[in-house]
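This is what each chain is made of:
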Amino acid sequence: MVKPNSTLPPVSDKDIERFWSRIKIGNPEDCWPWTRSISNGYGQIKIKNKQTAANRLAYFLSTGKDPGESCVLHNCPNGDNPACCNPAHLWLGTLADNNADKVKKSRQAKGDTHMSRTKPWALARGDKNGSRKHPEKKTQGR
């Protein structure tokens, strides 16, 4: 039984076998895509009733280091591939590194791709606005 700290659930040998069986492993330099559940382009696996990002678990299983509060980023040679679980393509970074990487790879929503334009109905306006739902929580000076 592999037991990382609190950012990942305890992982049994059976969980590890199930995890690697869900990745299309190829050449060491190629991307190894996650073949099951995907959310926002990233692989997801449920272990011990906890949803876990596949790339974070791949990083942990290959290095023995829990990513903790760090971000697990991709440096896939053929471009951005969030579903990739090849440990050779994964690296740890800060939130600032992750944001810079996102902008560099044009994954930053802006202009016509921003949520305010693609899903305007989802914006908190009118009665959905938090200050209207909870007027007792208004802060001083506002």
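Above this note sits the structure.
These numbers were taken from a predicted model, which means no experiment stands behind them. (Residues numbered from 1 in each chain as written. Predicted model: local features only at pLDDT ≥ 70, side-chain atom pairs only at ≥ 80, totals over all residues. Heavy atoms only, no water.)

Colleague: When you look at unusual backbone geometry in this model, what are you seeing that I'm missing?
Modeller: The phi dihedral of Asn40 falls on the positive side, at around 55°, and the residue is not glycine. If you trace the backbone, Asn40 turns up in the loop between strand 1 (38-39) and strand 2 (42-47). (Helix = DSSP H or I, 4+ residues; strand = E, 2+ residues; numbered from the N terminus.)

Colleague: What am I meant to see in the sheet that holds strand 2 here?
Modeller: Backbone-to-backbone hydrogen bonds join strands into a sheet, with any given pair of strands oriented parallel or antiparallel. Across the sheet, which stays open at both edges, the three strands sit in the order 1-2-3 with antiparallel pairing between neighbours. Each edge of the open sheet carries a strand with a single partner, namely strand 1 and strand 3 (50-53). In this structure, strand 2 lies alongside strand 3, joined through four bridges in antiparallel fashion. Across the sheet, the residue bridging to Ile45 is Thr52, located in strand 3. Lying over the sheet, helix 2 (residues 54-63) contacts strand 2 and strand 3, oriented at roughly 75° with respect to strand 3. (Pairing = 2+ DSSP bridges. Contact = heavy atoms within 4.5 Å. Axes fitted to C-alpha atoms, helices over the stretch in contact; angles between N-to-C directions.)

Colleague: What should I look at first to understand the side chain of Asp66 in this one?
Modeller: Within the secondary structure, Asp66 is located in the loop between helix 2 and strand 4 (71-74). Arg56 is the oppositely charged side chain nearest to the buried, salt-bridge-free Asp66, at an N-O distance of 4.9 Å. A polar atom in the side chain of Asp66 sits 2.8 Å from the backbone nitrogen of Gly68. (Buried < 20%, exposed > 50% of the residue type's maximum accessible area, 1.4 Å probe, protein only. Lys, Arg positive; Asp, Glu negative; His and termini not counted. Salt bridge = Lys/Arg side-chain N within 4 Å of Asp/Glu carboxyl O. Polar contact = N/O pair within 3.5 Å; in protein donor to acceptor, adjacent residues only side chain to side chain.)

Colleague: Even after reading the chapter, I still don't get the layout of surface pockets, so can you show me in this structure?
Modeller: The method is simple in principle: a probe with the dimensions of a water molecule rolls over the atoms, and the space it marks as empty is what remains. Approximately 420 Å³ is the volume attributed to the largest pocket. Every element with two or more residues in the lining of the largest pocket is listed here: strand 2, helix 2, strand 4 and helix 3 (95-104). For the lining of the largest pocket, the element with the highest residue contribution is strand 4, accounting for four residues. Residue composition of the lining of the largest pocket, grouped by class: six nonpolar, six polar and six charged. (1 Å grid on protein atoms, 1.4 Å probe; cavity = no way out; pocket = protein on both sides within 12 Å on 5 of 7 lines; lining within 4 Å. Points joined across faces, edges and corners; volume = space filled by probe spheres on them. Nonpolar A, V, L, I, M, F, W, Y, C, P; charged D, E, K, R; others polar.)

Colleague: Is there a simple way to think about the packing of aromatic side chains in this case?
Modeller: One pair of aromatic rings is described through two measures. These are the centre distance and the angle between the planes. Using the criterion set out here, one finds two aromatic pairs in the structure. With a centroid separation of 5.0 Å and an interplanar angle of 70°, the aromatic rings of Phe19 and Trp20 are classed as edge-to-face. The class for Phe19 is buried, based on a relative accessible area of 0%. The partly exposed category is assigned to Trp20, whose relative accessible area is 24%. (Phe/Tyr/Trp six-rings, centres within 6.5 Å; stacked < 30°, edge-to-face > 60°.)

Purely geometric stuff here, so don't read any function into it on its own.
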